[in-house]
Amino acid sequence: MSDSVRPEESAAHFAPSPGAPASALPARARGAAVREGSFDVVVVGAGHAGCEAAHACARMGLSTALLTAQVSDTAKMSCNPAVGGIAKGHMVRELDALGGVMGLVTDRAGIQFKMLNRGRGPAVWSPRAQCDKALYSAEMLRLLDGVAGLEFVEGLARRVRVRASQVAGVELTDGRFLAARAVVITPGTFLNGVLHMGERRLAGGRLGEHAARALSDCLAELGFERGRLKTGTPPRLLRGSLDLAALEVAPGDDPPEPFSHWTERLELEQVHCWVTHTNARTHGVIRGALHRSPLYSGAITGTGPRYCPSLEDKVVKFPEREQHHIFLEPEGRTVDEIYVNGVSTSMPEEVQLEFIRTIRGLERAEMLRPGYAVEYDFVLPHQLDATLQCRRTRGLWLAGQICGTSGYEEAAAQGFVAGVNAARMLRGETPFVLRRDQAYVGVLVDDLVTREHREPYRMFTSAAEHRLLLRADNADERLAETGHALGLLSDDQLERVRERWAAVEDEERRLARVSVTVPGAAGDARAVRAIDWLARPEGSYTSLASLGVEAALPRGLWAALEVRARYRGYIERQRRTAAAAAALDAVSLPDALWSSELHGLSREALEKLRRWRPGTLGMASRIAGVSPADVAVLMVHARRFAARKEPAPAS
Amino acid sequence: MQPLVDTIAALATAPGTAGLAVLRVSGEQALAVSDRVFRGSAPLTRAAGHTLHHGWAVGPEARDEAGGERRLDEVVAGVFRGPRSFTGEDTVEWSCHGGAVPARRVLDALIAAGARLAAPGEFSLRAFLHGRMDLAQAEAVADLVHAETESAGDLALAQLSGGLSRRVKALEERLLTCVAEVEARVDFAEDVGGIEIPEHVREEIAGVLGELDALLESAPWGRAVREGVRIPIVGRPNAGKSSLFNALLGEERAIVAAEPGTTRDRVSERLVISGIPITLSDTAGVRDARDPVEAMGVERTLAALEGAALILWVVDGSQPFDPSGDPLPAQLKGRNLVIAVTKADLGVVVDALEPWRAAEPAEFRGVHVSAATGEGMIELRAAISVQLGAGTPGGIASAVANPRHTDALARARGALSRARDLSEVNGAAPPGEIVALELREALAAIGEVTGRQASEELLERIFSRFCIGK
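Residues numbered from 1 in each chain as written. Chains lettered and ligands numbered in written order. Predicted model: local features only at pLDDT ≥ 70, side-chain atom pairs only at ≥ 80, totals over all residues.

Right, let's get into the overall build of chain B. Looking only at helices and strands, one finds 15 helices and 13 strands in chain B. Here chain B, with 470 residues, has 45% of them falling under the buried criterion. Excluding contacts between residues fewer than 6 apart, the proportion of contacts in chain B whose partners are at least 24 apart in sequence is 68%. (Helix = DSSP H or I, 4+ residues; strand = E, 2+ residues; numbered from the N terminus. Buried ≥ 20, exposed ≤ 12 C-beta atoms within 10 Å, placed from the backbone. Contact = placed C-beta atoms within 7 Å.)

What follows is the structure in structure tokens.
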């Protein structure tokens with residue numbers, strides 16, 4: 001484990017990145033620094049996971065404490081100032097349809113909105129928004145402040161108190177104790193965090209902020225198997241020092257499309273991003289200083305994400321590339337801070353400044369904060385069940401980077417799942433588990449608790465085998481009923497969703513009845529059903545009007561209608577495979593099964609199954625090393641086990 | 001493991017020569033699927049449970065010249081309605097003629113009609129899950145599934161060693177790269193960019209498709225390897241056919257006599273050469289037969305040549321070669337031959353090239369042998385195995401023999417040809433996520449043959465090919 005070498009400095013010597021302005025702090029945050037007492041749920045950490053968890057618990061009627069080192073850092077964007085992106089945007093839409101908060105806050109704090117993958121089919125369109133990061137924190141605080149039963153507590157968790165394998169509460173470093181029936185831990189990169197910049201090693205979770213070392217030790221004492229991961233962030237530059245006029249502009253969409261199903265329309269002046277590139281000189285500086293990079297000197301032992309490599313990695317692994325893209329993204333409307341997307345680095349500060357200044361537009365750049373790599377502990381997620389509750393300690397949930405993921409959206413999704421499940425358990429309700437064919441959120445959790453992870457897990461659309469069913473356009477159709485049943489959507493919201501989709505279906509039926517005249521293959525004119533024309537590559541809902549067909553569906557539903565028309569056959573195919581998979585997921589495997597004798601399974605399968613303890617036959621089938629034959633044998637054991645458990649009929 | 005939603009089919013009796021071969025079809029659609037193949041006095045869907053029905057199995061697409069359905073085998077279909085059946089589901093048991101070929105053809109037809117080839121132990125598993133077996137039997141089912149899988153696994157592995165394994169794995173590699181190229185553009189649009197399905201990916205898809213076609217063309221041949229091939233021994237009377245037949249079998253089987261024309265009927269015997277099961281059939285010597293009894297034998301001999309994978313032509317090496325008046329060489333033109341010049345112990349006066357010129361076979365190998373001394377017998381066996389291997393590109397080792405493999409590769413080909421058609425749409429850019437869907441289906445099907453789960457490798461490949469992370 002990481003503790004062998006203790007960092008000599010603390011990251012707290014640096015100035016932290018700004019959080020919400022003091023004026024934005026809600027009234028109820030006052031007194032947070034001294035508050036203690038007894039709660040239904042304590043959520044440790046107010047990042048993207050913690051906010052969703054606390055919001056869900058409080059909205060579901062439980063008294064909830066949200067514990068954070070500093071209230072103004074609530075929902076802080078530690079890395080890039082953006083929400084969404086391919087597959088991530090899908091998850092935000094899903095959370096929004098379930099009653100989560102990330103989409104709403106993004107709409108309020110967004111400064112540039114863009115639908116990614118427009119060039120492909122609507123099934124993989126994905127929304128993303130640049131945000132004003134200080135505003136994002138402020139808007140999240142404002143939203144949470146309005147939720148009854150949610151209390152902010154300022155302080156640092158020292159340990160989780162456990163009695164007889166059941167969680168009892170959280171002890172703080174200043175001696176306060178928060179008693180709780182359920183605890184959700186969402187510490188992000190703070191769990192034993194170590195920051196690397198060249199030869200310098202600093203203890204901390206973010207630049208300028210302390211690490212949570214005691215909490216990690218506590219988890220080790222409780223018997224959790226931990227691992228070490230690494231991620232990184234690029235330097236931030238002073239906007240006024242950049243020659244932005246020399247660079248290509250990357251504008252937002254016009255009109256911008258909101259993230260949230262509950263935002264009618266976005267009224268904002270969008271900001272620009274800019275594009276520039278590294279060059280041979282940049283790469284030369286990197287190569288010349290490689291020996292000073294902790295990645296290459298061996299100082300970093302945690303595994304970093306391959307999908308988000310440092311500039312050092314890019315230069316070394318792709319030597320044939322003469323340049324790499326860089327996006328310059330403003331961190332806010334008023335903040336003078338620019339995020340340099342594409343040059344995540346752990347080089348020494350002076351090397352960072354040297355290579356930054358080789359880049360066009362950045363020749364006279366002033367660095368506000370250097371980039372760095374951060375290593376942190378995580379808990380190997382095979383120790384969690386499908387609700388993200390720890391098997392070892394009942395009442396204890398984990399969410400976010402502590403489970404081995406990366407990304408705000410991945411964290412938020414887990415925070416939501418953990419919070420809802422903590423609330424449902426305390427309310428005596430059944431677990432809330434989304435299937436892989438229902439939501440990316442379901443794919444995420446299922447991947448976490450059935451697979452081995454060697455790098456921080458990020459969501460990709462290719463992770464979803466039922467990708468065509470899981471679209472950003474139909475998140476509400478898929479999940480609003482569930483959100484309503486959870487108690488997180490109002491009757492009115494559900495009614496709106498039903499009306500929207502009824503409108504799509506009505507329009508679909510109507511277009512199957514009317515025909516349009518379009519050019520045929522031989523240059524002649526042919527009449528085809530409007531719905532069939534919509535299914536063609538050149539067909540679109542917007543152009544129906546020019547063909548003499550009324551097209552009155554609201555803009556937000558066009559994509560949904562087009563995708564239904566165009567991909568009908570494929571969607572049907574995916575529905576069938578999804579139904580077959582769902583049948584396996586419907587067979588539950590009792591935890592006690594893993595302690596019983598299970599013959600007929602291969603040795604490898606048995607070993608894996610006893611490690612992961614899958615809750616359903618479907619989950620078992622997805623564990624590497626478990627063959628279809630093993631699943632068949634398990635099916636027999638599950639049936640036999642269930643039959644034995646049944647009480648003998650009265651004689 | 002598939003859940004219990006589909007209809008499964010498999011051979012229920014041991015493969016090989018027997019009086020009967022029984023196929024079992026089980027599942028919700030068992031009767032409907034069977035009706036697509038069965039032609040009797042009434043459809044099976046209307047039949048009562050526990051009844052037998054005589055009829056014919058017909059091929060799903062194959063038509064004879066008159067445009068009618070092609071009969072595959074005369075069959076008796078037993079209808080068992082669930083829950084009163086072995087599996088507890090609607091079941092049809094097809095009794096076909098013995099030997100591997102008729103049952104195999106009927107099974108192919110049933111799969112084409114919508115059944116899925118059953119996994120090892122799947123009938124027993126279904127029986128258990130439908131409550132047709134009690135708890136005491138359950139443990140036996142688990143063991144059975146395991147055991148059947150183990151043996152099936154061994155078999156598949158054995159078949160995969162060598163050429164086929166290399167060929168399929170090479171295709172999988174190429175396909176994985178195609179999927180990575182397409183997926184990378186879907187998931188990392190801003191990092192990868194470029195056009196949706198680049199030209200080199202289209203070419204690669206077409207290339208893999210061509211290879212799959214070639215592999216599947218080898219499937220009937222590979223099946224013959226798995227299920228055996230027939231080799232007729234032909235030649236003029238008294239050329240030494242029966243002696244050679246016996247020498248190959250290593251036992252007295254045919255009547256051997258110095259009088260020409262002694263063997264009037266085919267005599268068949270099975271032997272194994274290089275792991276290939278062979279049915280060797282001795283035939284009557286061919287000449288312008290004057291004896292009417294012999295003439296019938298000659299007719300049968302010529303019939304025996306039909307459909308034979310390889311013909312062993314026996315030529316008397318002690319007499320000068322004279323093809324005049326011999327009807328045989330003309331029958332052997334374009335065939336796959338092994339020419340055995342016999343009686344090497346009596347002094348050879350014939351060169352194997354002489355009969356080769358007379359017959360003009362497509363493939364041939366000549367050997368000088370003596371049944372009496374055993375001279376040349378090893379070479380003869382070698383020649384036979386080489387000639388059998390010459391039937392496929394890459395030889396027998398790379399032929400697809402296992403029906404499960406054929407099934408999987410055929411599905412891969414189907415998905416891949418849809419991917420090709422999609423990516424060749426003129427004009428508008430083909431949607432990457434749809435092409436990817438087909439490519440991944442093809443990859444998964446090939447993975448059933450190689451046993452590889454490629455999803456993790458996919459990311460590996462994307463990250464190694466493309467610089468992701470703008």
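Residue and element names in this part refer to chain A. Spatial strand order, β1-β12-β11-β20-β13: five strands in an open sheet with mixed pairing. Of all strands in the sheet, those with a lone pairing partner are β1 (9–10) and β13 (226–233), marking the two edges. The pairing of β13 with strand β20 (residues 372–379) spans eight bridges and is antiparallel. Following the sheet pairing, R228 is matched in β20 by D377. (Pairing = 2+ DSSP bridges.)

Quick look at the domain arrangement of chain A now. Entries for chain A in the domain assignment read domain 1 (236–372), domain 2 (497–569) and domain 3 (587–645). A C-alpha centroid distance of 48 Å is found between domain 2 of chain A and domain 3 of chain A. (Domains from an automatic or database assignment.)

Counting 226 residues, the largest nonpolar core has V42, V183 and V184 of chain A as its most contacted members. Residues in contact with V184 of chain A, not counting those within four places in the same chain, are V41, V43, V44, A53, W397, A399, A418, G419 and A422 of chain A. Among the nonpolar cores identified, the runner-up in size contains 38 residues, and V286, L328, V341 and F364 of chain B belong to it. (Core = buried A, V, L, I, M, F, W, Y, C linked by C-beta atoms within 7 Å.)

In this section: the sheet that holds strand β4 (residues 82–84) of chain A. Sheet strands line up and pair through hydrogen bonds in the backbone, either parallel or antiparallel. Residues and elements named next belong to chain A. Ordered in space as β4-β6-β5, the three strands form an open sheet in which the pairing is antiparallel. Strands at the two margins of the open sheet, each flanked by one partner only, are β4 and β5 (110–116). Strand-to-strand twist of the sheet, defined as the mean angle between neighbouring strand axes without regard to direction, takes the value 20°. Of the pairings in the sheet, the one linking β5 to strand β6 (residues 126–131) comprises six bridges and is antiparallel in character. By the bridge assignment, K114 is partnered in β6 with R128. (Axes fitted to C-alpha atoms, helices over the stretch in contact; angles between N-to-C directions.)

It is worth spelling out the interface of chain B and chain A at this point. Size of an interface, as often reported, equals the accessible area lost when the parts are brought together. In this assembly, 38 residues from chain B lie in contact with 47 residues from chain A. Looking at the side of chain B that touches chain A, the elements that each hand over two or more residues are α3 (122–129), α4 (135–160), α5 (163–187), α14 (432–450) and α15 (455–465) of chain B. Examining the composition of the side of chain B that touches chain A, we find that eight residues originate from one element, α4 of chain B, more than from any other. Broken down by class, the residue content of the side of chain B that touches chain A amounts to 25 nonpolar, eight polar and five charged. (Nonpolar A, V, L, I, M, F, W, Y, C, P; charged D, E, K, R; others polar.)

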